[in-house]
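# Results of the structural survey
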Amino acid sequence: MSTARHHVIIGSGVAGNQAAETLRARDPDSRITMVTVSRLPFFNRYDLPRVFRGERDWRRFVIYPAEYYRRNRIALRRATQVVAVDSINQALTLQHKETIHFDTLLVASGARPYLPEELTEYRPLLLGFGAFHEAVRVADALPKKGHVIMLGGDTIGLDLARTLIELRHRVTLLADNHTFWPHEVSEDDRPRYIEALRNMGFDVVEAKERGCLASISQGAPGLPARRLVFKDGSELHGDLVMPFFGNVPILDFMIGSGVDIERGLLVRPNLRTTNENIYAAGDNCQIWTDSVRHYCFYHGWKNVRAMGELAARNITGADEAWAPIHDESLRLTADGKILSPFWEYQ
Amino acid sequence: MGEIRPVYLEDKLKEVEDSGRLDYRSKALPTWCPGCGYFSIVEAVATALCELGIPNEDAVMVSGIGCSSRFPFFINSYGIHTLHGRALPSALGVKTANPALTVVAVGGDGDGFAIGGGHVPHAARRNLDITYLLFDNGIYGLTKGQTSPTSAVGFKTPTSPYANPDRPLNPLLMLLSHGASWVGQSYAGDPEHLRSMIRQAMEHRGFSYLHILSPCVTFDKTHRTYVNLGMQVHALPATHDPTDKLAAMGEAMKNEQAPAVGLYYREQRPTLDDALDALVEKAGGEKRGLRGGRGRKLR
Amino acid sequence: MSTDVQIAIVGSAGDGTIAAGDILRRAMAEIGYRVISFDLYPAEIRGFGKCIARLRVTDEQAYSLKQQSDILVSLDDSHAIPHVGEAREWGAVIYETHSVNPLPEGAHLSGHIDPGQVPYNVPIRELAEKSTGSARSRNIVIVGYIIGLMRLPVEPVLRALVGKFKGKGDIAQKNEAALRAGYEEGLRWFRLDDIEFGPPPAQEKGAHVEMISGNAAIVRGALDAGIDNFFGYPITPATSIMERLASEMPRHGARLVQTEDEIAAISATLGAGYAGARAATATSGPGLSLMAEMLGFGVIAEVPSVVFVSQRGGPSTGMPTKHEQSDLNMAVFGGHGDAPRIVIAPTSVEGCYRCAGRAFEMAEAYQTPVIVLLDLYLSNRYETVPFPDRPPFDADTNRYADTRGGAAGFQRYALTVDGVSPRSIPGQAGGMHVATGLEHNELGRPNDQPDMHLAQSRKRHEKLKAALSHPGFEPAKRFGDTGQVEVGLVAWGSSFGECLEAMYLAQEEGIRCAAVKVVMVSPFPVDFVATFLADCKEVLVPEVNYQGQFAGILQMQVPRAVTRMTRIPCAPLRVEEILDEIRRLAGRIVEPQAA
């Protein structure tokens, strides 16, 4: 089919870009606009560890070059934040008070790193790692053979740590219930996985071993830059502290939009929200899964990409249901290391 | 005129030679028609320069185009014979460049008030320190007799064969209203008066306008002739106060019936040179002397 | 070149767009870079018309702007949106991130940025209000932001700011606060563009570099050559020459008078020249037409004078605020009779300075009117110019006559070997003569006989040839490949800058290419140009007028087939267009040309 509709996609990650590609193929004359807060075009965040190997030209991380967007007539609006969505009038409002009308809307806004309540006061002392400039900042702040203290240890953090360890940095992981997120590791399996981490070169400190973290502060002059003090009085020093407590969906702009939200946007198996013109894809939505009679999150770039494609297909007339066909489990390799299917993007 | 006394040619020649005024005449013979009023103007200017003791090299005659404008060739001084109507702005340039020079602009009624009319008010209002001698013969003589801005109504010429319908200008009234600081009128048929007026005009510090009535013997046989002018020309009333501009304007208007000769108006006020010098002082600069580029200093 | 960054700021007249560009270019000059800058003004005096300030910052002086800018700044999205394509790929697009009022779709710049450009969405208004309490200082904030973002030193910028707002007290303080606020913000931002500022070039010895406009350079040249008198009448785009001289000349003890019209101006200039002064006037096309008759007088009476003519769109009243080079024929030939004069046309702002000074030398040396022909683009554009610490001009180039003890009349127009007669100046005893517009003999007396007319005509024409070898002046100059070339460009005036740039680009593409600038158009450097044309397989003559006026003069002097590139875009030539023509002539384009 080919219409003159205006398809708007919020987010330019894996889901959003796959959806755009599929929409353009299936609805050639339509107008497609992609809105993202990022200043970069679609880039490979999974490759960010390369920054630590010296790659600083962001253009080498770009997955789709500028020409792709021009050729496919996808209007890519970067550095643009959506602040409100009006599902009845089919309009969204941008932070700079511009109103955009849409015929269909795909919310593929993804997720942002989560920081537990008790650590928010230490935010200035922590270094994030999601965006390109953050990766550069970390790489610049890390001295040779530096010591990184990782809090939580989700798969993004673990992936980074692999590169750091390979580059002869020291990584100390303060493991807790966020470790291995989004993979779920049972209590029984946990000791083996933790051992595997040690095998890979991590120093692992289990939360219950040292007790909870009491404070994080700037190290004294001459000492490493960060000083962690635990409730039991013991201390840990390092050059950087990086939180990796998993991600939470970015959906503040959807509040008051008229669609149902729980922790994520609630969507049917066809990825449609409670509004017939609004769909969602990626790690910001929970899909109704009949088998467990429950709304579930699905993670990993393979699933996220499939969601993007599915949503686009359904937006353009299909009526297909989501079926997760990609394995999400964390594996232990033969040589006692951990391997996540979410690493190594293709 | 009083009683006739015999004058011997040799005595007269000696008197002329001794006066020194011949030094101010160039070797070129004037190209004017015999009887033209301009001959006496040349005499009068040469005499004035001589009597005032102005060195030949310090005088510059500036003219436009016309019979009158041939004038510079007949005076032994520096001179510029420029374009029709452009004597006054050229004179502005000469005087601004070297205020020590005595600059006399000359021109006819067409040169001054037709094509050159736009420059007259500005030379007068700026009080440019020059003398402007206007040779008014009410006709364009050099091009053989067309009407001019001061030709009388009814005058018949090749370009007005059925009679001139245009009302003539009143130059004296105009110059008074433009702010000229010295305005006078004289007559080429009265050489004594002419000489005296020219000298006064040149002595005056500021813009001096001397209107000189002069017959064109070749092309005007009906209006402005020696006979007619001889009868019409009279002196300004002895009671006229030359510092009273309104009175001067009144007298100027009466000219339309019969021309009166004499000093119409005179005042002293700062000249353009004064203003330019004041600017230099205000800006903190140093006044320059000028003798060409000699002694010019670059920064 | 290690530094070649062009910045374009687009806004409305009320946004302080031009002021921002001015501060930036002064700042870049202060830091030590070379700058060329040309602004686009709206037609109205006040109001909300579009302005674009453009500056190109380099380590080696450039003489044209680039087609694309490296940084594009929007101070007003409604004006900037049509220009967003001007920013190159990986270049920066800087704009206001917030909005005061709700906007319909497409009204914000963010919706028009190409995926290859790098967006910098800055809270400019907020920074302005926080640092100075008013949004009026947005333009200063953005200057600071650019400096911070590009990691350039801020002290020279503060100096430039102080210089511009000298004596305005409280405004200067506010501006500093705005600048610093923008600067701190710029420092914080992560760079995603690939713009590079290399180190500024080393200081020149014996010269001090200043950023100056074409008209201001004319004024500087005139003052440095010791101008005595100026008479002028206001006309766009030459007016600022008179205005600047009006405030400068009294300080040097020189005299300026604003006349009632252009005819009075040129008449007074000639009168002053006759009296021995270095005198000049300045005008544009319409004024030059009015001056034609007087210029002829200057030629026949052999009176030194200088006329600065800044060309604009013609004919007649034409387009007073638009660029064009269509007064060449008027300058070279304007006026009845065989009336040759010297016409020199600078090709850069530095050239304006040098031509202005040399013009006074030539006027005196060859006793003739000299027309210095520039144009709106040169008049209003800024370049960094290395001014020599001591003016290179000769204070007096007159040939004087010794008139002491002169008897039978001074021969002001004596027939000499080189055609230049020794002159006398009013005030000089024994040198009396009349300068007349009539044909005359050696004494200056009117003479209409054929042999004298021939002798004097020949004199007036032949004497000018010496101007081609006037000391310190190059009538023409060649750039680029030496020897045989595939394509040779011959250009004049401001068009040469774009031609030079196109030539460099053509050379980079492997085309053997050279370019000649002809600065002295009258007398024409026949030998030099003929030698050059013999080296060229194809000749391209680009200029901004419809008739190909320069090409016509060129072909008249050196008969040779050339390719005329005449364009009247109401703006300077485009480098890409010239380059395309070069490629075509060099046979590098195989596809048929679009009609």
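Thresholds, definitions, all that
- Residues numbered from 1 in each chain as written.
- Chains lettered and ligands numbered in written order.
- Predicted model: local features only at pLDDT ≥ 70, side-chain atom pairs only at ≥ 80, totals over all residues.
- Helix = DSSP H or I, 4+ residues; strand = E, 2+ residues; numbered from the N terminus.
- Rg over C-alpha atoms; globule rule 2.2 N^0.38 Å.
- Buried ≥ 20, exposed ≤ 12 C-beta atoms within 10 Å, placed from the backbone.
- Contact = placed C-beta atoms within 7 Å.
- Pairing = 2+ DSSP bridges.
- Axes fitted to C-alpha atoms, helices over the stretch in contact; angles between N-to-C directions.
- Left-handed = near helix turned anticlockwise from the far one by under 90°.
- Nonpolar A, V, L, I, M, F, W, Y, C, P; charged D, E, K, R; others polar.
- Arc of directions from axis to C-beta.
- Domains from an automatic or database assignment.
- Right-handed = clockwise from strand over helix to strand, strands pointing away.

The next thing to look at is the overall build of chain A. A count of helical and extended segments in chain A gives seven helices and 22 strands. For 346 residues, the compact-globule formula gives about 20 Å, and the C-alpha radius of gyration of chain A, at 21 Å, lands near that figure. In terms of principal-axis extent, the alpha carbons of chain A reach across some 65 × 45 × 40 Å. Buried positions account for 43% of the 346 residues belonging to chain A. Nonlocal contacts in chain A, meaning residues at least 24 apart in sequence, comprise 65% of its contacts between residues at least 6 apart.

We now examine the overall build of chain C. In terms of regular secondary structure, chain C is built from 18 helices and 21 strands. In terms of C-alpha radius of gyration, chain C reaches 26 Å, essentially the compact-globule figure of 25 Å for 595 residues. With the C-alpha coordinates aligned to their principal axes, the bounding extent of chain C is approximately 85 × 60 × 45 Å. Expressed as a percentage of the 595 residues in chain C, the buried residues total 58%. Once local pairs closer than 6 in sequence are excluded, the contacts in chain C between residues at least 24 apart make up 76%.

Let us now look at the environment of A:Arg313. All names here are of chain A. Mapping Arg 313 onto the fold places it in helix 7 (residues 301-315). Between the C-alpha atoms of Arg 313 and Arg 26, which are 287 residues apart in sequence, the distance is 7.7 Å. When near neighbours in sequence (up to four residues on either side) are disregarded, Arg 313 contacts Thr 22, Arg 26, Ala 318 and Glu 320.

Turning next to the sheet that holds strand 6 (residues 99-101) of chain A. Residues and elements named next belong to chain A. Spatially, the three strands line up as an open sheet ordered 4-5-6, and their pairing is antiparallel. Of all the strands in the sheet, just strand 4 (82-86) and strand 6 have a single pairing partner and so form its edges. Taken over all neighbouring pairs, the strand axes of this sheet differ in orientation by 20° on average, direction set aside. Two elements, strand 5 (residues 91-94) and strand 6, share three bridges in a ladder whose sense is antiparallel. Residue pairing for strand 6: Ala 91 is matched across the bridge by His 101.

This part is about the sheet that holds strand 19 (residues 285-289) of chain A. Residues and elements named next belong to chain A. Spatial strand order, 17-19-20: three strands in an open sheet with mixed pairing. Edge strands, defined here as strands with exactly one partner in the open sheet, are strand 17 (265-267) and strand 20 (294-296). Neighbour-to-neighbour, the strand axes of the sheet open up by a mean angle of 35°, direction not taken into account. Where strand 19 meets strand 20, three bridges bridge the pair, whose relative direction is antiparallel.

On to the packing of helix 1 (residues 17-31) of chain C against helix 4 (residues 138-149) of chain C, then. Residues and elements named next belong to chain C. Contact pair helix 1 / helix 4: the axes reach a minimum separation of 9 Å and the direction vectors enclose 35°. In this structure, the crossing between helix 1 and helix 4 has a hand that is right-handed. Between helix 1 and helix 4, the contacting residues are Thr 17, Ala 19, Ala 20, Ile 23, Leu 24 and Ala 27 on the first element and Asn 139, Ile 142, Val 143, Ile 146 and Ile 147 on the second. Taken together, the residues of the contact of helix 1 with helix 4 break down into nine nonpolar, two polar and no charged.

Our next topic: the interface of chain B and chain C. Contact with chain B, which involves 49 residues of that partner, is made by 52 residues of chain C. For the side of chain B that touches chain C, the element with the highest residue contribution is helix 3 (residues 87-97) of chain B, accounting for eight residues. Within the side of chain B that touches chain C, the residues separate by chemical class into 19 nonpolar, 17 polar and 13 charged.

All names here are of chain B. Restricting attention to buried positions, one finds in helix 9 (residues 245-254) the residues Ala 248, Glu 251 and Ala 252. Summarising the axial view, the buried residues of helix 9 lie within an arc of 105°, below the 170-degree limit, and thus occupy one face. Facing away from the buried surface of helix 9 by more than 90 degrees, the exposed residues are Leu 246 and Met 253. Buried residues along helix 9 sit in contact with helix 6 (171-178), strand 5 (182-187) and strand 8 (260-266).

Residues and elements named next belong to chain C. Structurally, chain C comprises domain 1 (4-188), domain 2 (207-472) and domain 3 (476-585). The centre of domain 2, based on its C-alpha atoms, is set 27 Å off from the matching centre of domain 3. With 29 residues of domain 2 in contact, the opposing surface of domain 3 contributes 23 residues. Those elements that provide at least two residues to the side of domain 2 that touches domain 3 are helix 11 (328-333), strand 12 (342-344), strand 13 (369-375) and helix 13 (376-380).

The next subject is the domain arrangement of chain A. All names here are of chain A. For chain A, the assigned domains are domain 1 (6-110 + 250-315) and domain 2 (113-246). Each of domain 1 and domain 2 has a C-alpha centre, and the two are 30 Å apart. Among the residues forming the side of domain 1 that touches domain 2, the class breakdown is eight nonpolar, one polar and one charged.

All names here are of chain C. Taken across its eight residues, strand 20 (residues 536-543) has six buried, putting it largely inside the fold. Pairing of strand 17 (residues 485-491) with strand 20, which is carried by four bridges, proceeds in the parallel orientation. Bridging from a neighbouring strand, Val 485 pairs with Cys 536 of strand 20. Pairing of strand 20 with strand 21 (residues 563-566) involves four bridges; the strand directions are parallel. Counterpart to Leu 540 in the pairing with strand 21 is Thr 563. Once you follow strand 20 into helix 17 (residues 549-557) and on to strand 21, the crossover reads as right-handed.

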